[in-house]
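# An overview of the molecular structure
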Amino acid sequence: MIVFAQLATVAFGAVSVSARSSAELAAPYAGTKVFRIPTSNASSIFEYSQLVDRLKLDTWTDDLKEDSYIDVQVSSENIDEFEKTVNAIIASHGISDKIATMHEDLGASIAAETKGMFETTSLAAEDVDVSWFDAYHTYDDHLAFLTSLTTQFPNNTQLVSAGTSLEGRNLTGIQIFGSSGPDVKPTIIYQSTVHAREWITTMVNEYIAWMLLSTCHLENLLPYLDKFEFIIFPFSNPDGFVYTQSSTRLWRKNRHAAPSGSSCAGVDINRNWPHSSWGQSTGASTDPCSEAYKGASSWQKLAVEVIGYLDWHSYSQLAMSPYGYSCTKEAADAEELNSLVSGFATALKAVHGTSFESGPICTTIYEASGSSVDWNYDNAKVKYSFTVELRDTGRYGFEVWAGVKYLWENMEA
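Residues numbered from 1 in each chain as written. Predicted model: local features only at pLDDT ≥ 70, side-chain atom pairs only at ≥ 80, totals over all residues. Heavy atoms only, no water.

### Observations concerning the state of the cysteines
- Tallied over the full model, the rule gives two disulfides.
- Across the disulfide, Cys-264 is cross-linked to Cys-289 (sulfur-sulfur distance 1.9 Å). Classification of the bridge connecting Cys-264 and Cys-289 rests on its S-S torsion, roughly 80 degrees, and on that basis the disulfide is right-handed. Of this pair, Cys-264 sits in the loop between helix H8 (238-246) and strand S9 (308-314) while Cys-289 sits in the loop between H8 and S9; the two residues are 25 residues apart in sequence, bridging distant segments of the chain.
- Covalently, Cys-327 is tied to Cys-362 through a disulfide, its sulfur atoms 1.8 Å apart. (Disulfide = S-S within 2.5 Å. Helix = DSSP H or I, 4+ residues; strand = E, 2+ residues; numbered from the N terminus.)

Structure below.
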């Protein structure tokens, strides 16, 4: 079954990689810190932006908002100047909050999260259990996990493919269905790892698959399998994901070869969907070196009718609906969709006490043109099109189960 082709194939050439160890992956970030700095007004944001540009720093916060914060990655040689300048900006603007350290040593954090990940494992069907979610895994191990699920639950699953990536990796997903069999009920698609470094989204997507199959009787999930079927793609960007495990841990884009005249590889495939907004001048970048680079052209083909679509990302605490490309245009189903994402957030808070913001993408996080949610809603006519930004660095990602079940209960088949 071809579900949606070219998820990560918006390139004309690929960039090859080779394996690295956990220590090698962490080494480039040794001594690097990540700071959270508070903002006040537009003037403070402008001064921070000048500092970031001057020191050529990476930010972990895409949208710079007043009375909020910016997360900035600072290498060891720039730490003293960065802290001195930021503290001066905070003082000059009378900002009450102080600079906070998110990662004291980013290299150590990466080493800790990848510990044991590169050890050779052999995953058999009987090995598939909840312990899988105690650690991150390699791309090959993830494929073995999906295969093992189909072996353990043969009456309710089958593997599906959305084609191959630029580097020849299969875009593998798992289809989950009830007693009626596949391709009968309305379909919900879950997509993750669009942005290569967001490993937690892969695990959350697989957790949903595992919970649907392993606890369908215990948690009374059978009505959902009678109402919907699910196609779960843990990897929408397998080449980028492998690159984060073999070369650059914080790589975001796919592995599109650098265009002529540039040395910067990769396209942000969540700015590359063939929505009418792809050509607008805001919400994405035309600079190949930008992490939001939309590519020289959008991809063109997607098939299969679905009723629901959810794209997992990290990190923030947001549940969002269309639109991303405009902060003034309202979706035709805005009232229902905004009610659903609000209910998603309420369900999480009731169970975990965790606060998620909810609302349309553009007004909740930032303007984003050529996004998957807008394309699915407008072009594919997928009414229930959403995206969720998971909490923090991933340690709390599995809290979303309550919100997911809320959506299943309240979406019309």
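### Re the nonpolar core
- By size, the foremost hydrophobic cluster in this structure holds 64 residues, and its most contacted members are Tyr-190, Ile-208, Trp-312 and Trp-408.
- In terms of nonpolar packing, the next biggest core, distinct from the first, is built from 18 residues, Ile-189, Leu-318, Ile-361 and Val-373 among them. (Core = buried A, V, L, I, M, F, W, Y, C linked by side-chain atoms within 4.5 Å. Buried < 20%, exposed > 50% of the residue type's maximum accessible area, 1.4 Å probe, protein only.)

### Focus: helix H5 (residues 139-152)
- Between the first and last C-alpha of H5 there are 20 Å, a value that for 14 residues agrees with the 20 Å anticipated at 1.5 Å per step.
- For H5, the full list of buried residues reads Tyr-139, Asp-141, His-142, Phe-145, Leu-146, Ser-148, Leu-149 and Thr-150.
- Against strand S5 (157-164), strand S6 (170-176), helix H6 (199-214) and H8 lie the buried residues of H5. (Expected span 1.5 Å × (residues − 1). Contact = heavy atoms within 4.5 Å.)

### Overview of the packing of H6 against helix H12 (residues 401-410)
- H12 packs onto H6 with a crossing angle of 65 degrees between their chain directions and a minimal axis gap of 11 Å. With respect to each other, H6 and H12 are oriented roughly perpendicular. Here the hand of the crossing between H6 and H12 comes out right-handed. Judged by residue contacts, Tyr-207, Ile-208, Met-211 and Leu-212 of H6 engage Trp-401, Val-404 and Trp-408 from H12.
- Among the residues forming the contact of H6 with H12, the class breakdown is seven nonpolar, no polar and no charged. (Axes fitted to C-alpha atoms, helices over the stretch in contact; angles between N-to-C directions. Parallel < 35°, antiparallel > 145°, perpendicular 65-115°, else oblique. Left-handed = near helix turned anticlockwise from the far one by under 90°. Nonpolar A, V, L, I, M, F, W, Y, C, P; charged D, E, K, R; others polar.)

### Here's the deal with the sheet that holds S6
- Here we have eight strands laid out as an open sheet, ordered S5-S6-S8-S7-S9-S12-S10-S11, and mixed in their pairing. In this open sheet, the two strands that pair with only one neighbour each are S5 and strand S11 (357-360). Here the strands of the sheet are splayed against their neighbours by 20 degrees on average, with no regard to which way each runs.
- Summarising the sheet, strand S10 (residues 318-321) and strand S12 (residues 384-390) pair through three bridges and their orientation is antiparallel. Each bridged residue has a counterpart across the sheet, and for Ala-319 the counterpart in S12 is Val-388.
- Along the sheet, H12 makes contact with strand S7 (187-191), strand S8 (229-233), S9 and S12, crossing S7 at roughly 155 degrees. (Pairing = 2+ DSSP bridges.)

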